Amino acid sequence: MTRIETDRLILRNCEERDRELFFEVNSDPRVLVFHPFQRTRPDADAIFDMLLNMPAKDGLDFLVLEIRETAEPIGFSGLSKPNLAPLLPAEAVEIGWRLSARHWGHGFASEAGAAVLAYGFKTLPLDEIISFSVEGNDRSEAVMRRIGMQRDPSGDFDHPDIPDSHPQLRRHILYRLTAKQWRRRQAG
């Protein structure tokens, strides 16, 4: 079981009480503007059931962001293996986040992202963490920069899972952060 705490957030494993939030963030067109489709209720429930029953692998977890003061769940963040070889190394570990639109603009994604990076580099310990998003997803890219990740244009790629019906979502930009860079940033 993973639990990470920040000044304003608790990051914890998914529980049944997070089902409504999962559907909300996976069906809201504002949240999914850079995704090829929105989830229906049955689709979201099926994926959520899978997440509830999936054991953490190598410390890689899909965590719920909860406001510390109110215990309100507001989104998700965590580390995962993107499985996009040969576009990305087979051992690559990705950081990601998805928040309810109601909670945008308060720095929660950056706060959670920084905490997940620390967990990845100190606890696991990983050598590098990557993140990628659709080209033009300025909000996500801003979070990547705020948490210290650096753009790697040589690693940009066309995502193979994006359907031909959404060519504007195919190009993805890549950010990276090594443990050495992260430690230097923490010391500085």
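Everything here concerns the structure above.
Here goes a summary of the coordinates provided. Quick caveat: nothing in here was measured; it's all calculated off a predicted structure.

1. Some remarks on the overall build of the protein chain
The secondary structure content of the protein chain amounts to five helices and nine strands. The helix and strand sequence of the protein chain, counted from the amino end, reads β-β-α-α-β-β-β-α-β-α-β-β-β-α. Relative to the compact-globule value of 16 Å for 188 residues, the protein chain shows a C-alpha radius of gyration of 16 Å, a close match. Principal-axis analysis of the C-alpha atoms places the extent of the protein chain at approximately 40 × 40 × 30 Å. Counting all 188 residues of the protein chain, 48% fall into the buried class. Residue pairs in contact within the protein chain that sit at least 24 positions apart in sequence constitute 66% of those at least 6 positions apart. A total of about 9900 Å² of accessible surface is found on the protein chain, and carbon and sulfur atoms cover 51% of it.

2. A look at helix α3 (residues 108–123)
Note that an α-helix has 3.6 residues per turn; residues three or four places apart therefore point the same way. Under the 1.5 Å per step criterion, the end-to-end length of α3 is 21 Å for 16 residues, consistent within 8% with the ideal 22 Å. Extensive coverage of α3 is indicated by the burial of 12 of its 16 residues.

3. A look at the pattern of salt bridges
Evaluated as defined, the whole model comprises 21 salt bridges. For D18, the salt bridge identified is with R12, shortest N-O distance 2.8 Å. Salt bridges sharing common partners tie together E16, R19, E20, R41, D45 and D49.

4. Considerations on the pairing of strand β4 (residues 73–80)
Taken residue by residue, a regular strand's side chains alternate between the two faces of the sheet. Buried residues dominate β4, accounting for seven of its eight residues. Taken together, the five bridges between strand β3 (residues 62–67) and β4 define a ladder with antiparallel strand orientation. Residue pairing for β4: F62 is matched across the bridge by G78. The antiparallel hairpin formed by β3 and β4 contains five residues in its connecting segment, where A71 sits at a positive phi of about 65 degrees.

5. Points about the side chain of R12
Its place among the elements puts R12 in strand β2 (residues 9–13). The class of R12 is buried, set by a relative accessible area of 5%. A distance of 2.8 Å separates a polar atom in the side chain of R12 from a polar atom in the side chain of D18.

6. Focus: the environment of I147
Here I147 is to be found in the loop between α4 (138–146) and β7 (150–151). Of the residues examined, I147 reaches a relative accessible area of 5% and is grouped as buried. Distance in space between the C-alpha atoms of I147 and L117 is 8.2 Å, their sequence separation being 30 residues. In this view, I147 contacts I95, W97, S110, G113, A114, L117, L177 and R185; residues no more than four positions away in its chain are not counted.

7. Details of the packing of α3 against helix α5 (residues 179–187)
The contact between α3 and α5 brings their axes to 10 Å, and the two run at 115 degrees. Here α3 is positioned roughly perpendicular relative to α5, judged by the angle of their axes. Our pair here, α3 against α5, has a crossing hand that is left-handed. On the side of α3, the interface is formed by L117, A118, F121 and K122, while α5 contributes A179, W182 and R183. Of the residues in the contact of α3 with α5, the class split is five nonpolar, no polar and two charged.

8. Examining unusual backbone geometry
Residue P86 is reached from A85 by a cis peptide bond, and omega for that bond is 5 degrees. Topologically, P86 is positioned in the loop between β4 and β5 (94–99).

9. Section: the nonpolar core
Grouped together as the largest cluster of nonpolar side chains are 32 residues, with contacts concentrated most on L79 and I95. Among the elements of the structure, β2, β3, β4, β5, α3, α4, β9 (171–178) and α5 are those that each provide at least two residues to this core. No other element matches the eight residues that α3 contributes to this core. With residues up to four places along the chain from it excluded, the contact list for L79 reads L60, D61, V93, E94, I95, V116, Y119, G120, L124, L126 and I129.

About the cut-offs
Residues numbered from 1 in each chain as written. Predicted model: local features only at pLDDT ≥ 70, side-chain atom pairs only at ≥ 80, totals over all residues. Heavy atoms only, no water. Helix = DSSP H or I, 4+ residues; strand = E, 2+ residues; numbered from the N terminus. Rg over C-alpha atoms; globule rule 2.2 N^0.38 Å. Buried < 20%, exposed > 50% of the residue type's maximum accessible area, 1.4 Å probe, protein only. Contact = heavy atoms within 4.5 Å. Areas by Shrake-Rupley, 256 points an atom, 1.4 Å probe, with all protein chains shown as cover. Expected span 1.5 Å × (residues − 1). Salt bridge = Lys/Arg side-chain N within 4 Å of Asp/Glu carboxyl O. Pairing = 2+ DSSP bridges. Polar contact = N/O pair within 3.5 Å; in protein donor to acceptor, adjacent residues only side chain to side chain. Axes fitted to C-alpha atoms, helices over the stretch in contact; angles between N-to-C directions. Parallel < 35°, antiparallel > 145°, perpendicular 65-115°, else oblique. Left-handed = near helix turned anticlockwise from the far one by under 90°. Nonpolar A, V, L, I, M, F, W, Y, C, P; charged D, E, K, R; others polar. Core = buried A, V, L, I, M, F, W, Y, C linked by side-chain atoms within 4.5 Å.

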